[in-house]
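# Examination of the molecular architecture
Each chain, written out:
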Amino acid sequence: MSLTPHRVRELEVLSNQFRIDVLSTIHRAQSGHPGGSLSVCEILTTLYFEIASLDPLNPNWAERDRIILSKGHAAPMLYRILAEKGYFPLQELDSLRRLNARLQGHPSAKTTPGVEIPTGPLGLGLSASVGMALGLRAQGIDAHIYTVLGDGELDEGSNWEACMTASKYDLNRLIAIVDHNGMQLDGSTDTIMPLRDLQTKFAAFGWRVLVCHGHSVGDLCETIQFAATRENTPTAIIAKTTKGKGVSFMENTHLWHGKPISDTDLANALAELGGVANGN
């Protein structure tokens, strides 16, 4: 079902506020990953506020859908969204990357409500998701698993082993969403390790493949809903995005992958986004 224009606008406003708050949080911590957090914003917003069946008051509800942020360095955006959903107080974002805090640099399922698995080593999330899908099937639980991958992490061979396994076992409740921004830690994906044609590559491994605009909540919603329709294969969604989306001097560059944000940078970014951080 398509989103109404009003709902699209609501999610766009929410996404813009998430960007403002995430940049402010990273600035306070003087540590974190702004580029990939901004890139994945609409993907996570759409999943958590429009698609997935979740219960923040009962994070371990057996029938819940699972959302796996395999690109775990984008944790600041995940934390901001989890706080908005009610998994923990918004004020806790101030503790990002502090010693003994729940909100560490990469998500921890042991300490942080709403986090399904710890993700830090890239290439881990899809393999874990395959195991979850098999486990849920064995238990007769008809939940979806949405796994958000970075394109840079597709350099890891474990992803393609997971793809073979998911196809072999017809894991049709598994949906992988690739945050395809063309950038990774040290440069462009074409420079570091060319991914070539991702659509053809996933299809060759037996996956259904869809493509969408990764910063359009309307396009994302329609594409993910279509991916959830019954097929005998897992589905990969190639979501075309921009690293650092929303802040001109952070866009389309690897330099803001994990760079601290200065006072001047924050002021300029907030001026472009047109707002102030919640709680500030």
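Here, every reference points to the structure presented above.
Counting restarts for each chain, with residues numbered from 1 along the sequence as it is written. A pLDDT threshold of at least 70 governs which residues receive local features in this predicted model, and a stricter bar of 80 or more applies before side-chain atom pairs are shown or counted, although totals over entire chains, interfaces and linings include all residues. Here the side-chain values reflect all heavy atoms present in the structure, with hydrogen atoms and water set aside.

## A closer look at the pattern of salt bridges
Heads up, the condition is: One speaks of a salt bridge when a side-chain nitrogen belonging to Lys or Arg is within 4 Å of a carboxyl oxygen belonging to Asp or Glu. Secondary structure elements follow DSSP: runs of H or I no shorter than four residues count as helices, runs of E no shorter than two count as strands, and numbering proceeds from the N terminus. Each residue gets one of three labels from its accessible area relative to the maximum for its type: buried under 20%, exposed over 50%, partly exposed in between, using a 1.4 Å probe on protein chains only.
All told, the structure shown has twelve salt bridges when counted by the stated rule. For R28, the salt bridge is made with D94, and the minimal N-O distance between the two is 2.9 Å. Here D94 lies in the loop between α4 (75-85) and α5 (124-139) and R28 lies in helix α1 (residues 5-29), a separation of 66 residues in the sequence. Given a relative accessible area of 34%, R28 falls into the partly exposed group. Through salt bridges that share partners, R7, E10 and E50 make up one connected network.

## A look at the layout of surface pockets
To keep it simple, the criterion reads: The definitions used throughout rest on a 1 Å grid laid over the protein atoms alone, on which a cavity is an enclosed set of points accommodating a 1.4 Å probe that cannot get out and a pocket is an open set flanked by protein within 12 Å on both sides along at least five of seven lines; lining residues are those having an atom within 4 Å of a point. Grid points are joined across faces, edges and corners, and a volume is the space filled by probe spheres set on the points. Ten residue types, Ala, Val, Leu, Ile, Met, Phe, Trp, Tyr, Cys and Pro, are classed as nonpolar, four, Asp, Glu, Lys and Arg, as charged, and the remainder, Gly among them, as polar.
Here the largest pocket is characterised by a volume of approximately 290 Å³. Lining the largest pocket we find 21 residues, and of these L122, G152, Q184, L185 and H257 sit closest to its centre. Here the residues of the lining of the largest pocket sort into four nonpolar, nine polar and eight charged.

## Some points on the packing of aromatic side chains
For any pair of aromatic rings, the description rests on two quantities: the centre-to-centre distance and the angle between the ring planes. Defined as follows: Working definition: rings of Phe, Tyr and Trp (its six-membered ring) pair if their centres are within 6.5 Å, and the pair is stacked with planes under 30 degrees apart, edge-to-face with planes over 60 apart, and tilted otherwise. Lysine NZ or arginine CZ positioned within 6 Å of the ring centre and within 35 degrees of the ring normal marks a charge as sitting over the ring.
Inspection of every chain in the model, using the stated rule, returns five aromatic pairs. One aromatic cluster is present, built from ring pairs that chain together W160, F202, F205 and W207. Positioned over the ring face of Y169 is K168, at 5.3 Å from the centre of the ring.

Honestly, it's all geometry; don't read function into it.
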